[in-house]
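# Structural description and commentary
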Amino acid sequence: MRNFSLKMNNFTALIKKTLVMNRYNGITLDEFIILKEKDYPDAKGNLSKLLRDIGVASKVINREVNKAGLVDILGAAGKTNIQDEEQQKLDVFANNMLINYLKNGGQCTGIGSEENEDVIVVDTPDGHQAHYVVLMDPLDGSSNIDINASIGTIFSIYKRKSPVGPCNLEDFLQEGNKLVAAGYVIYGSSTMMVYSTGNGVNGFTLDPSIGEFCLSHPDITTPDTGKYYAVNQSNYAFFPEHTRRYIDWLVNEKRKGLRYIGSMVGDMHRTLLQGGIFMYPATTSSPQGKLRLLYECIPMAFLMQQAGGRASDGHQEIMDIVPQELHQRSPIYIGSTRLLKRVDQFVEKYSEAIS
Ligand code: AHM
Ligand code: MG
């Protein structure tokens, strides 16, 4: 009976996707953003413009990422190329590119970047009037560049809390539940942008022949379980007991396979599409884990939640955490609901008693 209802659910999801695909057949990211804006009669187009600016910047980043293998021919970072121009490291390039597009686009009042210690205030008349702040990890997983594995850009967008004028830090320290939009661009075997404005998740694949992102993955839903778990297993001995026991259960009882790229965008993309779980837990030397709450955990938690999954730090939903600092880190467990429920149970059973 359970198998039958699962099959019916899959069938219904397939029909729904086919209808959506027919409605949006061949549609580009820009067209989709404009069409979606019409669902909100009061929308003035500011968010749409901001999303399109991020889309354009990511196409430029994609072009440079694609050239990374030619580094010996074009010149390594820090050296000058054949036109006597200084080559930039790709993460610096990605950061500068996004900042330029966001500053010039007129819809962004401030930027928080994993690459910059402080927030960047867009100190222009347009910037003072703009409604949105953007937080970003311009090139996540950049240690994967040299081996041609997937890397990505992660972004999130909040409405400012402050009145018009220069923005301030409080505009950035907002919990995930206040997000207006978030997404990532994965530079992989193909380049994709996946984003949500709080009404489902949609994925667009870059068609290099026309230079446009085209809708390829409408209404992404995460299965309630999956075949794989992703974690840096070499840290196993340093994880909390509940996580060690949870991993043992995944492997020995549920026979889940380990898949770990070491690039959050790549690992998350697989988990979002196929289900499973991605973890970056606390370790004895990094009690807050490694990943950044505002640049990595919250935007991915938003997407996962929008796709029907969940994300927690082991004790609290990631979306409920109120950030205290710009570069704050957080442990994260993110993925299919059934696997997250088990995380809760292991945490409850094996958490060290606090005296
Ligand atoms: P980065 O922002 O410096 O690129 O680091 C973040 C990356 C994530 O993409 C990935 O999940 C994690 O670091 C991998 O870390 P580790 O090598 O410790 O497994
Ligand atoms: Mg990162």
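None of the values given here were measured: they were computed from a predicted structure.

## Overview of the pairing of strand β13 (residues 332–335)
Burial along β13 is two-sided: the face carrying Ile332 and Ile334 and the face carrying Tyr333 and Gly335 are both buried. Two elements, strand β11 (residues 277–280) and β13, share 4 bridges in a ladder whose sense is antiparallel. Across the sheet, Phe278 pairs through a bridge with Ile334, a residue of β13. Where strand β12 (residues 310–312) lies against β13, 3 bridges are found, and the strand directions are antiparallel. Directly across from Ala311, in β13, lies its bridge partner Ile334.

## Some points on the pattern of salt bridges
Applying the stated criterion across every chain, the model contains 10 salt bridges. Salt-bridge contacts for Glu212 lead to Lys59; the nearest nitrogen and oxygen are separated by 3.7 Å. In this pair, Glu212 is assigned in strand β8 (residues 212–217) and Lys59 in helix α3 (residues 46–66), connecting sequence segments 153 residues apart. Since its relative accessible area comes to 25%, Lys59 is described here as partly exposed. Between Arg245 and Glu241 there is a salt bridge whose closest N-O contact spans 2.9 Å. Linking Arg245 with Glu241, this pair stays in helix α7 (residues 241–253), spanning 4 residues, or about one helical turn. Connected via shared salt-bridge partners are Arg63, Glu64 and Lys67.

## Quick look at the packing of α7 against helix α10 (residues 337–350)
Their axes nearest at 8 Å, the elements α7 and α10 cross at an angle of 135 degrees. With respect to their mutual orientation, α7 and α10 come out oblique. In this structure, α7 crosses over α10, and the sense of that crossing is right-handed. In this structure, α7 contributes Glu241, His242, Arg245, Tyr246, Trp249 and Leu250 to the contact, and α10 contributes Leu339, Arg342, Val343, Phe346, Val347 and Tyr350. A class-by-class count of the residues in the contact of α7 with α10 yields 8 nonpolar, 1 polar and 3 charged.

## Let's talk about the sheet that holds strand β7 (residues 202–207)
The 8 strands lie next to each other as β2-β1-β3-β4-β5-β6-β7-β8, forming an open sheet whose pairing is mixed. The two strands at the open ends of the sheet, each matched to only one other strand, are β2 (120–121) and β8. Examined bridge by bridge, strand β5 (residues 181–187) and strand β6 (residues 191–196) share 6 bridges and lie antiparallel to one another. Across the sheet, residue Gly183 finds its bridge partner in β6, namely Tyr195.

What counts and how
- Residues numbered from 1 in each chain as written.
- Chains lettered and ligands numbered in written order.
- Predicted model: local features only at pLDDT ≥ 70, side-chain atom pairs only at ≥ 80, totals over all residues.
- Heavy atoms only, no water.
- Buried < 20%, exposed > 50% of the residue type's maximum accessible area, 1.4 Å probe, protein only.
- Helix = DSSP H or I, 4+ residues; strand = E, 2+ residues; numbered from the N terminus.
- Pairing = 2+ DSSP bridges.
- Salt bridge = Lys/Arg side-chain N within 4 Å of Asp/Glu carboxyl O.
- Axes fitted to C-alpha atoms, helices over the stretch in contact; angles between N-to-C directions.
- Parallel < 35°, antiparallel > 145°, perpendicular 65-115°, else oblique.
- Left-handed = near helix turned anticlockwise from the far one by under 90°.
- Contact = heavy atoms within 4.5 Å.
- Nonpolar A, V, L, I, M, F, W, Y, C, P; charged D, E, K, R; others polar.

Shape descriptors only; they carry no functional weight alone.
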